[in-house]
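# Descriptive analysis of the structure
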Amino acid sequence: MLGIYLSGTGNSKHCVERFVRLMDNTGKALPIETENVVDEIRDNDFIVLGYPTQFSNAPLMVRDFIKEHADLWREKKVFCVCTMGAFSGDGTGCTARLLKKYGANVLGGLQIKMPDSVCDSKLLKKSFEANQMIIKQADEKIEKWVKKIKEGIYPGEGLNLLNHISGLMGQRIWYLKKTDNYSDKLKISDACIKCGLCQRQCPMNNLVQTGQDKPKQLGRCTMCYRCVSHCPAQAITLLGKNVVEQTTYEKFASDNT
Ligand SMILES: Cc1cc2nc3c(=O)[nH]c(=O)nc-3n(C[C@H](O)[C@H](O)[C@H](O)COP(=O)(O)O)c2cc1C
Ligand code: SF4
Ligand code: SF4
């Protein structure tokens, strides 16, 4: 079994790693931007695909990856996992439909609530304890479903018609402009200390930082929030105007495994 994931703040990474580890102790999980990920997918017949929900959609990078490698999916068994801050409607369905179009056998889907990665919005901020509790519940949910899957019962979260309608009408249609193109809307403030970390971390190679200049963006941002949540100077924002408090899975999960 192979897990692949896009993860900005570590939530989807954690959920896919945990799911794969509990399902198959010989399995492994890799970031979707890993150089040889296509070869790895070819060599495995059961793929767990994980990513963060964005406006009840899958990140554009993930959708493009599926389309650009359309020949990879024929007869592959795929299980879709999306993580979310609150609501994703058909977050898993958004990739499941594409994968089926390219011949995959989608076995099921899980939509898992995790801490919200949008750290430049006050509205989405939760307390440390609330986020710890959310992670605990997510871990229990994964464990519960892995047990059921081993008995042959697969969850179908996000995969039915009602989920499709709720995802579409609840959010996707209203935010289509935000998700149908890569973004060039990162704001980088003068607080930037030109450390280059954001360039090294970006899964899209969207940022270029040279010498004493602030990073420049290349219009290829898939809105994962990795740079926003890791910048040591809290200099980067995307949807909001100020970083309220950087959010990463590790910050809330010190007691979890
Ligand atoms: C641009 C963007 C849009 C988001 N949209 C949604 C959403 O529609 N519904 C939701 O519940 N969470 C939403 N979130 C929150 C993330 O899906 C959630 O925090 C996820 O677990 C982050 O996973 P990651 O750490 O693997 O990137 C959004 C996050 C970002 C960055
Ligand atoms: S991580 Fe932050 S401080 Fe470092 S170069 Fe990027 S924007 Fe500047
Ligand atoms: S620029 Fe930042 S938010 Fe955009 S894809 Fe790269 S790391 Fe993610």
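All of the points below concern the structure found in this document. (Residues numbered from 1 in each chain as written. Chains lettered and ligands numbered in written order. Predicted model: local features only at pLDDT ≥ 70, side-chain atom pairs only at ≥ 80, totals over all residues. Heavy atoms only, no water.)

### Here's the deal with the nonpolar core
This is how the line gets drawn: Among buried residues, the Ala, Val, Leu, Ile, Met, Phe, Trp, Tyr and Cys ones that are joined through side-chain atoms within 4.5 Å form a nonpolar core. Between buried and exposed lies partly exposed: a residue is buried under 20% and exposed over 50% of the maximum accessible area for its type, with that area taken using a 1.4 Å probe on protein chains only. Here a helix means four or more residues in a row that DSSP labels H or I, a strand means two or more in a row labelled E, and each is numbered from the N terminus. Residues count as neighbours in contact if any of their non-hydrogen atoms are within 4.5 Å of one another.
Ile4, Ile41, Trp73 and Leu99 are the most contacted members of the largest nonpolar core, which has 30 residues in total. Elements represented by at least two residues in this core include exactly β1 (2-5), α2 (37-42), β3 (46-52), α3 (60-68), β4 (77-84) and α4 (93-101). Among residues more than four places away in sequence, those in contact with Ile41 are Leu2, Ile4, Ile47, Phe65, Leu72, Trp73 and Lys76. One finds Tyr5, Phe19, Phe46 and Ile149 within the second-largest nonpolar core, a separate group that totals 23 residues.

### Some words on the packing of aromatic side chains
Going by this rule: Aromatic rings from Phe, Tyr and Trp, taking only the six-membered ring of Trp, are treated as a pair when their centres fall within 6.5 Å; an angle between ring planes under 30 degrees marks them as stacked, one over 60 as edge-to-face, and anything in between as tilted.
Enumeration according to the criterion identifies 4 aromatic pairs in this entry. Measuring from centroid to centroid gives 4.7 Å for Phe19 and Phe79, while their planes differ by 15°, and the two rings are stacked. Taken together, the positions of Phe19 in helix α1 (residues 11-23) and Phe79 in strand β4 put the pair 60 residues apart, joining distant regions of the chain. Summarising the burial analysis for this pair, Phe19 and Phe79 share the class buried. Between Phe79 and Tyr154, the ring centres sit 6.4 Å apart and the planes meet at 50°, which makes this aromatic pair tilted. Of this pair, Phe79 sits in strand β4 while Tyr154 sits in the loop between α5 (128-150) and α6 (161-172), placing them 75 residues apart in sequence.

### What to know about the site of ligand 3
Operational definition: By convention in these notes, a residue is near a molecule or strand provided one of its non-hydrogen atoms lies within 4 Å of it. Side-chain classes are defined by residue name, with Ala, Val, Leu, Ile, Met, Phe, Trp, Tyr, Cys and Pro counting as nonpolar, Asp, Glu, Lys and Arg as charged, and the others, Gly among them, as polar.
Every residue close to ligand 3 is listed here: Leu186, Cys202, Pro203, Asn206, Leu207, Cys221, Thr222, Met223, Cys224, Tyr225, Arg226 and Cys227. Its residues placed into classes, the shell around ligand 3 shows 9 nonpolar, 2 polar and 1 charged.

### Thoughts on the pairing of β1
This is how it is decided: A clockwise path from the first strand over the helix to the second, with the strands pointing away from the viewer, defines a right-handed crossover. Here, any two strands with at least 2 DSSP bridges between them count as paired.
Burial along β1 is two-sided: Leu2 and Ile4 facing one way and Gly3 and Tyr5 facing the other are all buried. Handedness of the β-α-β unit built from β1, α1 and strand β2 (residues 28-31) comes out right-handed. Alignment of β1 against β3, held across 4 bridges, turns out to be parallel. Residue Tyr5 lies in a different strand from β3, and its bridge partner there is Gly50.

### Topic: the pattern of salt bridges
The test is simple: Here, a salt bridge means any Lys or Arg side-chain nitrogen found within 4 Å of an Asp or Glu carboxyl oxygen.
Overall, the coordinates contain 15 salt bridges when judged by the stated rule. Glu33 is paired through a salt bridge with Arg226; the nearest N and O atoms lie 3.1 Å apart. Here the residue Glu33 occupies a position in the loop between β2 and α2, and Arg226 occupies one in helix α9 (residues 226-230), the gap between them amounting to 193 residues. In this structure Arg226 comes out as buried when scored by relative accessible area, which is 13%. One salt bridge in this structure joins Glu140 and Lys136, with 3.2 Å as the shortest N-O distance. Taken as a pair, Glu140 and Lys136 lie in helix α5 at a separation of 4 residues, close to a single helical turn. When its relative accessible area of 44% is taken as the criterion, Glu140 is described as partly exposed. Accessibility expressed as a relative area gives 42% for Lys136, which makes it partly exposed. Via salt bridges that share partners, Arg18, Asp139 and Glu143 belong to a single interconnected network.

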